[in-house]
Amino acid sequence: MSASEPVVHVALLPSAGMGHLNPCLRLAAVFLRYGCKVTLITPRPTVSIAESNLISRFCSFFPHQVTQIDFNLIPLDPTTVAPNIDPFYLQFQTIRHSIHLLYPILSSLTTPLSAFIYNVSLISAVVTISEKLFCPSYIYFPTAARMFSFTAYVSVLADSDPAAQPHPSAFIGDAVQIPGFTSPIPRSSVPTAFLLQGSNSFQRMIMEDSRKLTKLDGVFINSFEELEGEALAALNEGKVVRGLPPVYGIGPLMPCEFENVDQGQKGGMSWVLEWLDEQAEGSVVYVSLGSRTETRKEQIKDMALGLIECGYSFLWVVKLKRVDREEEEGLEDVLGSELMSKVREKGVIVKEFVDQMKILGHPAVGGFVSHGGWNSITETVWEGVPILTWPQHGDQKMTAEAIRMSGVGIWADEWGWGTEKVVKGKEIAKKIKEMMSNESLRVKAGEMKEAAKKACVVGGSCEVIIKRLIEEWKKNA
Ligand code: UDP
Ligand code: UDP
């Protein structure tokens, strides 16, 4: 950028959880790659240690181009908070509740803003101030275009009979047929909280946000043509909702160097990679249910039995608590010493945060048993590894559908949600064998990897979109 050109300045606001923070920082890294100045607004305190570590690594990796500003949250009155609420969901609510503190932060930035990009969970709150910002505002949607289409379309469904004011449980029916979609979304794939009788904050959030989408200037989504072409086309051709802003498929958001967990840290998890180095190519099953899903005590023994029986070596990452700060119990306490030693004969089990990208990129890894978190999925696509999805909650059945349709993974849909029943070790072993021995899955995963790399190279879909936006923002400066 020459000295006379205007500075393109993008501010980003993530919300809670690694699944929401990772795509935010990777998107920020894309803008940094194209010479933009970035301001990262960080809600504090973060829920997990993993989040605060990642923010520190990001800021120290880009000391000159990134300005980090703390957004100190005002805690909710504990008497108004539902008991046993998911702490990440509580954080969404706390950020929304503190949103009046955001405008003073944004309006005091010394370099004028070209664009403000924030997390989907904050739409209704941020829309109230974004009109005052005098710059375009966008959301980044951290999951599949299929889920985004659902979020957009529910307001159309609800309004199709305005007099009736139906409850989601009624207007969802047996399945949701989104215009432009070949396969409908069955009721059983809809996030369970959305269907609960009565009213809950999750339903209110989705319904409110769905109606506000047309007020945005655009939506960044971590997906791309070959992975979810049908959904992206339906959204951008106005089939899903008329008047939606552009939905930019800028995915897959590439893993970046700043994420490297072991960078300059002692006591890291590099021994896991050293163990992988000793394993034969494509021989290891990697198992992880993401950063914020605890493996239930009732399920953990059968998971161990399934892995022991499947005949492959494995790297199994187990979380016993949703929030890493609360992890206290040892794995042996849960599995018992006998089962623990059998597990250790056949594979590796850890409960620490691992460098997932390095693991997925290791030639020894031949398959991934995943909860279907969209970041994990796009990372796996990036590395061309076949997937077996086991949805646990939220959007994960919709991501499982997207993966099955794309041909890069299978989904054990008879297992239901992770919390519904205990899946027996024998069934787990059978499905793992099915994934690991499926040649067409491996070929398709390889082809999708090629397509993913093409989307990210010079002249690829991500660059085309970002450069065009930067030009627009410069014109408007
Ligand atoms: N992750 C990781 N190490 C772990 C667990 C998770 O690096 O031990 C990363 C993973 O690579 C992904 C993110 O954390 O980028 C998790 O997001 P995802 O959408 O897959 O699932 P969530 O954790 O939000 O359920
Ligand atoms: N949730 C909650 N209380 C509610 C509704 C939802 O704690 O009233 C939780 C739900 O279990 C899920 C999250 O909030 O963990 C909803 O978000 P979603 O699954 O769509 O997002 P993600 O898990 O991908 O962040």
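In what follows, the structure referred to is the one given above.
Residues numbered from 1 in each chain as written. Chains lettered and ligands numbered in written order. Predicted model: local features only at pLDDT ≥ 70, side-chain atom pairs only at ≥ 80, totals over all residues. Heavy atoms only, no water.

Participant: Could you clarify how one ought to interpret the site of ligand 2 in this entry?
Facilitator: Around ligand 2 sit H20, D86, Y89, A193, S201, F202, R292, H393, G394 and D395, and that is every residue in its neighbourhood. Between H20 and ligand 2, the recorded distance is 2.9 Å, taken from a side-chain N or O atom to an oxygen atom. In the model, an oxygen atom of ligand 2 is placed 3.1 Å from a nitrogen or oxygen of the D86 side chain. Coverage of ligand 2 by the protein amounts to 77% of the 520 Å² it exposes when considered alone. For the shell around ligand 2, a count of residues per class yields three nonpolar, four polar and three charged. (Near = heavy atom within 4 Å. Polar contact = N/O pair within 3.5 Å; in protein donor to acceptor, adjacent residues only side chain to side chain. Areas by Shrake-Rupley, 256 points an atom, 1.4 Å probe, with all protein chains shown as cover. Nonpolar A, V, L, I, M, F, W, Y, C, P; charged D, E, K, R; others polar.)

Participant: Where do I start with the site of ligand 1 in this structure?
Facilitator: Around ligand 1, the surrounding shell holds 16 residues, and the nearest of these are N22, S291, V354, S376 and E379. For ligand 1, an oxygen atom lies 2.8 Å from a polar atom in the side chain of H371. Summarising the interface, the protein chains cover 94% of the accessible area of ligand 1, which totals 530 Å² for the free molecule. Elements supplying a minimum of two residues to the shell around ligand 1: α1 (18–33) and α16 (374–383). A total of four residues in the shell around ligand 1 trace back to one element, the largest contributor, which is α16. Split by residue class, the shell around ligand 1 holds four nonpolar, nine polar and three charged. (Helix = DSSP H or I, 4+ residues; strand = E, 2+ residues; numbered from the N terminus.)

Participant: I'm lost on the environment of T214 in this one. Help?
Facilitator: Secondary-structure assignment places T214 in the loop between α9 (201–212) and β8 (218–221). Considering only alpha carbons, one finds T214 and P245, 31 residues apart in sequence, at a separation of 6.1 Å. With residues near it in sequence (within four places) discarded, T214 still touches R242, G243, L244 and P245. (Contact = heavy atoms within 4.5 Å.)

Participant: Explain the sheet that holds strand β10 (residues 284–288) here, please?
Facilitator: Whenever strands of a sheet pair, they do so through backbone hydrogen bonds, lying parallel or antiparallel. Spatially, β12-β11-β10-β13-β14-β15 is the arrangement adopted by the six strands of the open sheet, whose pairing is parallel. Each edge of the open sheet is held by one strand with a lone partner, namely β12 (347–350) and β15 (409–411). Put simply, the sheet's adjacent strands are angled 15 degrees from each other on average, direction ignored. Where strand β14 (residues 387–389) and β15 come together, three bridges link them in parallel fashion. From the neighbouring strand, I387 faces β15, where its bridge partner is G409. (Pairing = 2+ DSSP bridges. Axes fitted to C-alpha atoms, helices over the stretch in contact; angles between N-to-C directions.)

Participant: How should I be thinking about the nonpolar core in this particular structure?
Facilitator: Most often, soluble globular proteins have nonpolar side chains that are buried together. F116 and F150 are the most contacted members of the largest nonpolar core, which has 66 residues in total. At nine residues, helix α6 (residues 145–159) tops the list of elements feeding residues into this core. Apart from residues lying up to four places away in sequence, F116 is in contact with A11, L13, I41, L102, L106, V126, L133, C135, P136, S137 and Y138. Of all hydrophobic cores here, the second largest spans 39 residues; its members include L12, A29, Y138 and F220. (Core = buried A, V, L, I, M, F, W, Y, C linked by side-chain atoms within 4.5 Å. Buried < 20%, exposed > 50% of the residue type's maximum accessible area, 1.4 Å probe, protein only.)

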